[in-house]
Amino acid sequence: FYGNRAEWKVFRDLCKAIIEQDRYPPIQRWIKLVNHVKGEAAQHIQGLQITDDSYNEAMKILESFYGNEDEIELELLRQWNALKPAHSIEQVRQLL
């Protein structure tokens, strides 16, 4: 996850399904999360100390930055408006 708000919910749900549902020890959850957070998003959590609560704290921080529904909708609209129209079947196939 690099910090794209439009991708936050999918990333969060994957974390819940994979990292939180398995019986990983707290530190291992943190390590798995850190290995999948890059770029801008990683900067938000890089200063956290490694403790048993690091994973939960990091998820709260990421949720506060990327979980705002209004911001997610705005990002999706920006991405939608940035799409170029397809003028042929080949261009439509390229989108798929």
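Preceding this paragraph is the structure being described.
The notes below deal with the structure included here.

**Remarks on the overall build of the protein**
Inference 1: Summing up its helical and strand segments, the protein has six helices and zero strands in all.
Inference 2: Listing every helix and strand of the protein by position from the N terminus yields α-α-α-α-α-α.
Inference 3: For a compact globule of 96 residues, the expected C-alpha radius of gyration is about 12 Å, and the protein comes in at 17 Å, more than 25% above that figure.
Inference 4: Each principal axis of the C-alpha atoms in the protein carries an extent, and together these give about 55 × 25 × 20 Å.
Inference 5: In the protein, buried positions account for 23% of the 96 residues.
Inference 6: Within the protein, counting contacts between residues at least 6 apart in sequence, those at least 24 apart form 61% of the total.
Inference 7: Carbon and sulfur atoms make up 53% of the accessible area of the protein, which totals about 7,100 Å².
Inference 8: Taking the 12 positively charged and 15 negatively charged side chains of the protein as two groups, their mean positions are separated by 4 Å.

**So, the pattern of salt bridges**
Inference 1: Enumeration according to the criterion identifies three salt bridges in this entry.
Inference 2: Here Asp13 makes a salt bridge to Arg12, at a shortest N to O gap of 3.3 Å.
Inference 3: With a relative accessible area of 39%, Asp13 lands in the partly exposed category.
Inference 4: Relative accessible area serves as the criterion here: at 18%, Arg12 is assigned to the buried category.
Inference 5: Where Glu90 meets Arg93, a salt bridge forms, and the shortest distance between an N and an O atom there is 2.9 Å. Pair noted here: Glu90 and Arg93 are both in helix α6 (residues 89-95), with a separation of three residues, about one helical turn.
Inference 6: Given the relative accessible area of 53%, Arg93 is considered exposed.

**With respect to the environment of Thr51**
Inference 1: For Thr51, the location among the structural elements is in the loop between α3 (39-45) and α4 (54-66).
Inference 2: A residue is classified by how much of its surface remains accessible, and Thr51, at 34% relative accessible area, is partly exposed.
Inference 3: Expressed as a C-alpha distance, the spacing of Thr51 and Tyr24, which sit 27 residues apart in the sequence, is 14 Å.

**Comments concerning the packing of helix α1 (residues 5-20) against helix α2 (residues 26-35)**
Inference 1: The geometry of α1 relative to α2 is characterised by a closest axis approach of 11 Å and an angle of 145° between their N-to-C directions. The way α1 lies across α2 gives a crossing that is right-handed. Across the interface between the two elements, Phe11, Cys15, Ile19 and Glu20 from α1 touch Arg29, Lys32 and Leu33 from α2.
Inference 2: Residue composition of the contact of α1 with α2, grouped by class: four nonpolar, no polar and three charged.

So, how was this worked out
Residues numbered from 1 in each chain as written. Predicted model: local features only at pLDDT ≥ 70, side-chain atom pairs only at ≥ 80, totals over all residues. Heavy atoms only, no water. Helix = DSSP H or I, 4+ residues; strand = E, 2+ residues; numbered from the N terminus. Rg over C-alpha atoms; globule rule 2.2 N^0.38 Å. Buried < 20%, exposed > 50% of the residue type's maximum accessible area, 1.4 Å probe, protein only. Contact = heavy atoms within 4.5 Å. Areas by Shrake-Rupley, 256 points an atom, 1.4 Å probe, with all protein chains shown as cover. Lys, Arg positive; Asp, Glu negative; His and termini not counted. Charge placed at Lys NZ, Arg CZ, Asp CG, Glu CD. Salt bridge = Lys/Arg side-chain N within 4 Å of Asp/Glu carboxyl O. Axes fitted to C-alpha atoms, helices over the stretch in contact; angles between N-to-C directions. Left-handed = near helix turned anticlockwise from the far one by under 90°. Nonpolar A, V, L, I, M, F, W, Y, C, P; charged D, E, K, R; others polar.

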